Amino acid sequence: MGADPWADENEACEEGGIGAGDGGDVELEREARRRRDQFWSEGYREGVEEGKKATVQQGFNRGFREGAAAGLAYGQVRGAACSVAIFAGQVPGSSRWATPDS
């Protein structure tokens, strides 16, 4: 996990400094454990949320690209069909062409 940021304080307690000999060692250890668990849980939740945001953003980007490509293709096909419908009847022999329902 890395270096212990509280190493100096832990050594002072073990050597008889802060909190030593007054019966507070158990209380200090309990408080340290509680805070470590609390911060670990908070860090875990924040990490999960950040991961969700990154994943959702990637999914949106991918869907947007795919949707734009599909929309462009649909627009081109629809435009071609409308062009055929407009010119139907203007060209000799085109009366057999069916006009699309717009």
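This section reports on the structure supplied with the text.

What counts and how
Residues numbered from 1 in each chain as written. Predicted model: local features only at pLDDT ≥ 70, side-chain atom pairs only at ≥ 80, totals over all residues. Heavy atoms only, no water. Helix = DSSP H or I, 4+ residues; strand = E, 2+ residues; numbered from the N terminus. Buried < 20%, exposed > 50% of the residue type's maximum accessible area, 1.4 Å probe, protein only. Areas by Shrake-Rupley, 256 points an atom, 1.4 Å probe, with all protein chains shown as cover. Patch = residues over 30% accessible without salt bridge, like charges linked within 9 Å, V, L, I, M, F, W, Y side chains within 5 Å. Salt bridge = Lys/Arg side-chain N within 4 Å of Asp/Glu carboxyl O. Phe/Tyr/Trp six-rings, centres within 6.5 Å; stacked < 30°, edge-to-face > 60°.

## Describing the overall build of the protein chain
The secondary structure content of the protein chain amounts to two helices and zero strands. When the 102 residues of the protein chain are sorted by exposure, 3% land in the buried category. Entry remark: accessible area of the protein chain is about 8,900 Å², with carbon and sulfur atoms responsible for 58%.

## Concerning a nonpolar patch on the surface
A cluster of nonpolar side chains, contributed by Trp40, Tyr44 and Val48, occupies part of the molecular surface with about 350 Å² of accessible area. Position of Val48 among the secondary structure elements: in helix α2 (residues 25-87).

## Let's talk about the packing of aromatic side chains
For the structure shown, the criterion picks out two aromatic pairs. When the ring of Trp40 is compared with that of Tyr44, the centres are 5.5 Å apart and the planes differ by 10 degrees; the resulting orientation is stacked. Residue Trp40 and its partner Tyr44 are located together in helix α2, separated by four residues, close to a single helical turn. Judged by its relative accessible area of 55%, Trp40 is exposed.

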